[in-house]
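# Overview (structure and organization)
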Amino acid sequence: QVQLVESGGGLVQAGDSLRLSCAVSGRTGILYTMAWFRQAPGKEREFVAGRQTGGNIYYAESVKGRFTISGDNAKKSGYLQMNSLKPEDSDVYYCAFSRSYIDGNKDEYDYWGQGTQVTVSS
């Protein structure tokens, strides 16, 4: 089993920055993918950014140039630095984990955190 706990959400103004963290515990293995998704009420959960332990990183077009995903493989931690936040970035953000190298298909992730709310006021 793998457990994920997100932190770092909050209420900010447009143009501000936030850094989300994801603490991972349990048997992860060495090769895995950690990603961030977000979801608004009544909408599909959408991919934001993903990082494989081998180094591949990928982003949704809507966040490229503003968000940066990173991680510490030794500490089993993941981060999402969000800059130049916009009101449309307001969502619940989820950390997701897979023991394989995968892309942004949410159906392929095995484990999810409980989510952290990000609210950006205009």
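Above this text is the structure in question.
A brief structural summary.

What counts, and where the lines are drawn
Residues numbered from 1 in each chain as written. Predicted model: local features only at pLDDT ≥ 70, side-chain atom pairs only at ≥ 80, totals over all residues. Heavy atoms only, no water. Disulfide = S-S within 2.5 Å. Helix = DSSP H or I, 4+ residues; strand = E, 2+ residues; numbered from the N terminus. Buried < 20%, exposed > 50% of the residue type's maximum accessible area, 1.4 Å probe, protein only. Pairing = 2+ DSSP bridges. Core = buried A, V, L, I, M, F, W, Y, C linked by side-chain atoms within 4.5 Å. Contact = heavy atoms within 4.5 Å.

All right, on to the state of the cysteines then. Scanning all chains against the criterion turns up one disulfide. At a sulfur-sulfur separation of 2.1 Å, the disulfide partner of C22 is C95. Between C22 and C95, the disulfide has an S-S torsion of -85° and is therefore left-handed. One end of the pair, C22, is in strand β3 (residues 18-26); the other, C95, is in strand β9 (residues 91-98), with 73 residues separating them in the sequence. Assessed through its relative accessible area of 0%, C95 is described here as buried.

Bringing the pairing of β9 into the picture now. Most of β9 sits out of view: seven of its eight residues are buried. Two strands pair when backbone bridges link them, and strand β4 (residues 33-39) and β9 are joined in this way by seven bridges, in the antiparallel orientation. Looking at the pairing, Q39 lines up with V92 of β9. Examined bridge by bridge, β9 and strand β11 (residues 116-121) share three bridges and lie antiparallel to one another. Each bridged residue has a counterpart across the sheet, and for Y93 the counterpart in β11 is T116. Note: β9 against strand β10 (residues 111-112), two bridges, orientation antiparallel. Bridge assignment links A96 to a residue of β10, and that residue is W112.

Below, the discussion takes up the nonpolar core. Core analysis: the largest hydrophobic core is formed by 32 residues, its most contacted members being L4, W36, V48, F67, L80, M82 and Y93. Secondary structure elements with two or more residues in this core: β1 (2-7), β3, β4, β5 (46-52), β7 (67-72), β8 (77-82), β9 and β11. When sequence neighbours within four positions are dropped, the list of residues in contact with Y93 reads E6, L20, W36, F37, R38, V48, F67, L80, M82, G115, T116 and V118.

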